[in-house]
Amino acid sequence: MIVTGDKRHTIGILVQNVPGVLARIVGLLSGRGYNIETVTAAETNEKGLTRITLVTTGDDRVLSQIVKQLNKLVNIIKVFDFRETEFVDREMALIKVRAEQATRAEVLRIVDIFRAKVVDVSPHFYTLEVTGNEGKITAIMELLEQIGIVEIARTGKAALARSKKH
Amino acid sequence: MKFTGAQILFESLKKEGVDVIFGFPGGAVLDIYHEMSKHNIRHILVRHEQGAAHMADGYARASGRVGVCLVTSGPGATNTVTGIATANMDSVPIVVFTGQVPTPLIGDDAFQEVDIIGITRPCTKHSYLVRDVNTLGTVIKEAFYLARTGRPGPIVVDLPKDVIQAHADFRYPKKVDMPGYRPTMEAHSGQVNKAFQLLKKAKAPVVFAGGGIIISESSDELARLVKLLHAPVTCSLMGLGCFPATVPDGKGGMKPNPFWLGMLGMHGTYQANMAISHADVILAVGVRFDDRVTGQISTFAPKAKIVHVDVDPTSISKNVDVDVPIVGDCKNALKQMIQLAESEPAEGLAESRSSWFEQIGQWARQHPLSYCAEGDVIKPQYVIEQIYEVSGGDAIITTEVGQHQMWTAQFFKFNRPRTLLTSGGLGTMGYGFPAAIGAQVAFPDKLVIDIAGDGSIQMNIQELSTAVCNNIPVKVAIINNTYLGLPRQWQELFYEKDYTGSCLEGPPDFVKLAEAYGAVGLRAERPEEVTPLLKKAFSIKGPVFMDFRVVTEENVYPIVPPGKSITEMLLA
């Protein structure tokens, strides 16, 4: 339930890749009643360091608490509160759409417009791969929904802070 | 030279200066117990693992050192969860070693297997499952470091049986390297100065001190700063003892400390609750503005600018919006403030604040803590007062949870830190008796008294065996009203006297029970029996149960009803 004053926010976390660290983070947030919309995690180029990107909702007070509570965890090296910096974010979605005789061309037109790719073909369905920021994924989904989305798997957001422009 | 995991464990404990372990064996830890016999470390065998956890906790709170307990896998580990959560809520440094099934069996629902790391994740400061014996020394060093630094807390170290049996080279690390853990101890001098300027100019200041003063061992600094600022002091339950309730009267006796307001909050004193509600500046040190203290948050201290000092940034502006947040060690922040106060002495503070102190005195006279003594029956508050008188206030007091706990906070005058050990955050019945045992182990020559209710004492009564067998001479004062007193009070005040579930029918004969365990049992049923009984009990060199038959219909006042502002106290 989104309450007025609640905002969606992206938080980046750099953690030591030890067993259970993701469970600790997710457990911390769910235990305190904070909402996790999406979460992605993967190792970085530095051995033993994992970057986690979280999308959560809450008002400013809740978000400040979340950031502080995350900072308190022993295996967390750094928390990036993206309320305070510009950032680049991308996510990838695999979308299985109905692709009958009548609609196939329209699907391919949409794929072209959004620079997506068809990664699976069958007599009745195409599976598309599309990468972009949140807005782009939402937009293509809305269009494809009118044709008929059968299944969808999204990765959730990965984000990095923009570099300083000097 | 190759050591087994069990040997590494004991060598590491020795390096950490551990001299006592509270424990209970089982299959998963027999290798550890076999190794224990070869080392010079005291082991106290408990009768329930919950007792071991609370004993480690009581030992830690009384001494300031890290408490250690050792239990087996499965049910042994799960039995410590309440004790771990208790320590977590009150920021107590303990390390809990749990046995675990051999690593190849983990995750297969083996005999006496539980995912104790998963179960305790939300209620530990941190935890480790040791899968590689080569990391054991480092894990133990980190565990103790984490337990005692920053905001202290419980650490669980899960030890699979094959890891304990495996061999490794042992070199205890000289330092820890934890890039993700850097507690801020140094308070920001700019913030400290901002706070000091506010306090200097305040017309109606209040200092609100808590458990953080005791943990950071800064009672002396607090007393010095209070004198320089000329401000009255109140405490949370966890802070009692950080500021003396009584001071020498110059004639060889003691008098009430003129700066002491009494405890704050749901069962705090009238003058403390009124003072904080009318304050213009509050210096909050080592507290977390728990709901027992604030009452209805929207009406808490409406006129005050709040300075909040704490080592844990998550506690600052969590419940109550703060004007000057200061993250850092309380001792460090107080020292900085003292330096400022001494270099910029404020003249005439005593005069400018005299009307504030007069107002406080008026409040204290309007509604002092009181109860009606009735000739024939024992009032529970009377027992607490006599415990204070007969002990001379020179004792370590533990409590269980409920009315007796609140009366202890109100009627026993605590002057020194680490003299009240009580489960404030979790409110765990059954805490006080094992905690008293742990405290007595830390201080064999001090008078240690557990003030208990008849409900609470039955929760870990089996530890009477631990006390008797190890000659741990704790004194237990059972405030026996045959009810769960605090639920009964709430039912009387807020649930139309519906006493469902709060009557403890068929209470045991506590005197016979004590004697059955080999301890001394004493009983008082009339007021004139109380003082002689206490004197007798305190002189016995062994554990004593005292059964005080008190009246049931007695309520803790003041009480701030649920959802109300702390100025809306119900009074006696």
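What counts and what doesn't
- Residues numbered from 1 in each chain as written.
- Chains lettered and ligands numbered in written order.
- Predicted model: local features only at pLDDT ≥ 70, side-chain atom pairs only at ≥ 80, totals over all residues.
- Helix = DSSP H or I, 4+ residues; strand = E, 2+ residues; numbered from the N terminus.
- Contact = placed C-beta atoms within 7 Å.
- Nonpolar A, V, L, I, M, F, W, Y, C, P; charged D, E, K, R; others polar.
- Pairing = 2+ DSSP bridges.
- Axes fitted to C-alpha atoms, helices over the stretch in contact; angles between N-to-C directions.
- Domains from an automatic or database assignment.
- Buried ≥ 20, exposed ≤ 12 C-beta atoms within 10 Å, placed from the backbone.
- Left-handed = near helix turned anticlockwise from the far one by under 90°.
- Parallel < 35°, antiparallel > 145°, perpendicular 65-115°, else oblique.
- Core = buried A, V, L, I, M, F, W, Y, C linked by C-beta atoms within 7 Å.
- Right-handed = clockwise from strand over helix to strand, strands pointing away.

Participant: Can you walk me through the overall build of chain A in this structure?
Facilitator: In terms of regular secondary structure, chain A is built from four helices and nine strands. Each helix and strand of chain A, placed in order from N terminus to C terminus, yields the pattern β-α-β-β-α-β-β-α-β-β-α-β-β. For the C-alpha atoms alone, the extent of chain A along its principal axes is close to 55 × 40 × 40 Å. Relative to all contacts within chain A whose residues are 6 or more apart in sequence, the contacts with residues 24 or more apart total 73%.

Participant: Any chance you could explain the interface of chain A and chain B here in plain terms?
Facilitator: By a frequent convention, interface size equals the accessible area lost on bringing the separate parts together. Taken together, the 14 residues of chain A in the interface contact twelve residues of chain B. Sorting the residues of the side of chain A that touches chain B by element identifies helix H1 (21–31), helix H2 (60–72) and strand E4 (76–81) of chain A as the ones contributing at least two each. The residue makeup of the side of chain A that touches chain B, split by class, is four nonpolar, seven polar and three charged.

Participant: Explain the sheet that holds strand E4 (residues 67–71) of chain B here, please?
Facilitator: Sheet strands pair via backbone hydrogen bonds, and the direction of the pair is either parallel or antiparallel. Residues and elements named next belong to chain B. The strand order E3-E2-E4-E5-E7-E6 describes an open sheet built from six strands, whose pairing is parallel. Looking along the sheet, the strands with just one partner apiece sit at the ends: strand E3 (42–45) and strand E6 (126–129). Looking at each pair of strands side by side, their axes are set apart by 20° on average, direction ignored. Taken together, the two bridges between strand E2 (residues 20–23) and E4 define a ladder with parallel strand orientation. From the neighbouring strand, Phe 22 faces E4, where its bridge partner is Cys 69. Helix H3 (residues 49–63) rests against E2, E3, E4 and strand E5 (94–100) of the sheet, and its axis sits at about 165° to E4.

Participant: Would you explain the domain arrangement of chain A in this entry?
Facilitator: Domains assigned within chain A are domain 1 (7–84) and domain 2 (90–157). Placing the centre of domain 1 of chain A and that of domain 2 of chain A at their C-alpha centroids yields a distance of 30 Å.

Participant: Before we go on, may I ask you to explain the domain arrangement of chain B in this structure?
Facilitator: Residue and element names in this part refer to chain B. The assigned domain composition of chain B is domain 1 (2–169), domain 2 (189–366) and domain 3 (380–549). Domain 1 puts six residues into the contact, and the matching count from domain 2 is six residues. Considering only residue class, the side of domain 1 that touches domain 2 consists of one nonpolar, three polar and two charged.

Participant: I tried to follow the environment of Pro123(A) on my own but got confused; where do I start?
Facilitator: Position of Pro123(A) among the secondary structure elements: in the loop between strand E6 (117–121) and strand E7 (125–132). A sequence separation of 86 residues divides Pro123(A) from Glu37(A), and the C-alpha atoms of the two residues are 34 Å apart.

Participant: Looking at this structure, I do not really get unusual backbone geometry. What am I missing?
Facilitator: Residue and element names in this part refer to chain B. Across the junction of Tyr 557 and Pro 558, the peptide omega takes the value -5°, indicating a cis bond. Summarising the element assignment, Pro 558 is placed in the segment after strand E22 (544–549). Even without a glycine there, the phi angle at His 230 is positive, about 50°. Mapped onto the secondary structure, His 230 falls in the loop between helix H11 (219–229) and strand E10 (233–235). Classification of His 230 by C-beta neighbours within 10 Å gives buried; the count is 20. In this structure, Phe 289 is a non-glycine residue whose phi angle is positive, near 50°. Here Phe 289 is to be found in the loop between strand E14 (281–285) and helix H13 (291–294). By the C-beta count within 10 Å, which is 24 here, Phe 289 ends up buried.

Participant: Even after reading the chapter, I still don't get the packing of helix H12 (residues 270–278) of chain B against helix H16 (residues 354–366) of chain B, so can you show me in this structure?
Facilitator: Geometrically, a packed helix pair is captured by the angle between its two axes and the distance between the axes. Residues and elements named next belong to chain B. Across the interface, H12 lies against H16 with an axial gap of 8 Å and an inter-helix angle of 145°. Between H12 and H16 the crossing geometry is right-handed. Contacts between H12 and H16 involve Tyr 270, Gln 271, Met 274 and Ala 275 on the former and, on the latter, Ile 360, Trp 363, Ala 364 and Gln 366. Grouping the constituent residues of the contact of H12 with H16 by class yields six nonpolar, two polar and no charged.

Participant: Any chance you could explain the packing of H3(B) against helix H5 (residues 81–89) of chain B here in plain terms?
Facilitator: All names here are of chain B. Packing of H3 against H5 brings their axes to within 7 Å, and their N-to-C directions diverge by 25°. Judged on the interaxial angle alone, H5 and H3 are roughly parallel. Between H3, through Gln 50, Ala 53, His 54 and Asp 57, and H5, the contact on the second element is made entirely by Thr 82, Gly 83, Ile 84, Thr 86 and Ala 87. Partitioned by chemical class, the residues of the contact of H3 with H5 number three nonpolar, five polar and one charged.

Participant: Could you clarify how one ought to interpret helix H19 (residues 432–442) of chain B in this entry?
Facilitator: Owing to its 3.6 residues per turn, the α-helix aligns residues three or four sequence positions apart on the same side. Here H19(B) lies mainly inside the structure; eleven of its eleven residues are buried. What H19(B) keeps buried is the set Gly432(B), Phe433(B), Pro434(B), Ala435(B), Ala436(B), Ile437(B), Gly438(B), Ala439(B), Gln440(B), Val441(B) and Ala442(B).

Participant: Would you take a moment to explain the nonpolar core for this structure?
Facilitator: Note that soluble globular proteins tend to have their nonpolar side chains buried in a common cluster. The biggest cluster of nonpolar side chains holds 198 residues, and the ones touching the most others in it are Cys69(B), Ile94(B), Val95(B), Val157(B), Ala209(B), Ile282(B) and Ala477(B). Excluding residues that lie within four positions of it along the chain, Ile282(B) makes contacts with Val206(B), Phe208(B), Ile276(B), Ala301(B), Ala304(B), Ile306(B) and Val307(B).

Participant: Would you explain helix H1 (residues 5–15) of chain B in this entry?
Facilitator: Residues and elements named next belong to chain B. Burial runs high along H1: eight of the eleven residues are buried. All of the buried residues along H1 are Gly 5, Ala 6, Gln 7, Ile 8, Leu 9, Phe 10, Ser 12 and Leu 13. Those residues of H1 that are buried lie in contact with strand E1 (2–4), helix H2 (30–36), helix H7 (136–148), helix H8 (161–165) and strand E8 (167–169). Residue Gly 17 follows H1 closely and has a positive phi angle near 75°.

Participant: Looking at this model, I keep getting lost on the pairing of E6(B). Mind explaining?
Facilitator: A regular strand places its side chains so that they alternate between the two faces of the sheet. All names here are of chain B. Burial along E6 is two-sided: His 126 and Tyr 128 facing one way and Ser 127 and Leu 129 facing the other are all buried. Sheet topology places E6 next to strand E7 (residues 155–160); four bridges connect them, and they run parallel. The partner of Ser 127 across the bridge, within E7, is Val 156. Handedness of the crossover joining E6 and E7 through H7: right-handed.

Participant: How do you make sense of the pairing of strand E5 (residues 87–98) of chain A when you look at a structure like this?
Facilitator: Residues and elements named next belong to chain A. Two elements, E5 and strand E9 (residues 158–161), share four bridges in a ladder whose sense is antiparallel. Opposite Arg 90, over in E9, you have Ala 158 as the bridge partner. Taken together, the eight bridges between E5 and E7 define a ladder with antiparallel strand orientation. The partner of Val 97 across the bridge, within E7, is Tyr 126. With five bridges joining them, E5 and strand E8 (residues 149–154) adopt antiparallel strand pairing. Paired with Lys 96 across the strands is Glu 151, a residue of E8.

Participant: Even after reading the chapter, I still don't get the sheet that holds strand E3 (residues 49–58) of chain A, so can you show me in this structure?
Facilitator: Residue and element names in this part refer to chain A. Pairing is antiparallel in the open sheet, where four strands are placed in the order E2-E3-E1-E4. Edge positions in the open sheet fall to strand E2 (35–43) and E4, since each of these has one partner strand only. Within this sheet the neighbouring strands show an average axis-to-axis angle of 20°, counted without direction. Where E2 meets E3, eight bridges bridge the pair, whose relative direction is antiparallel.

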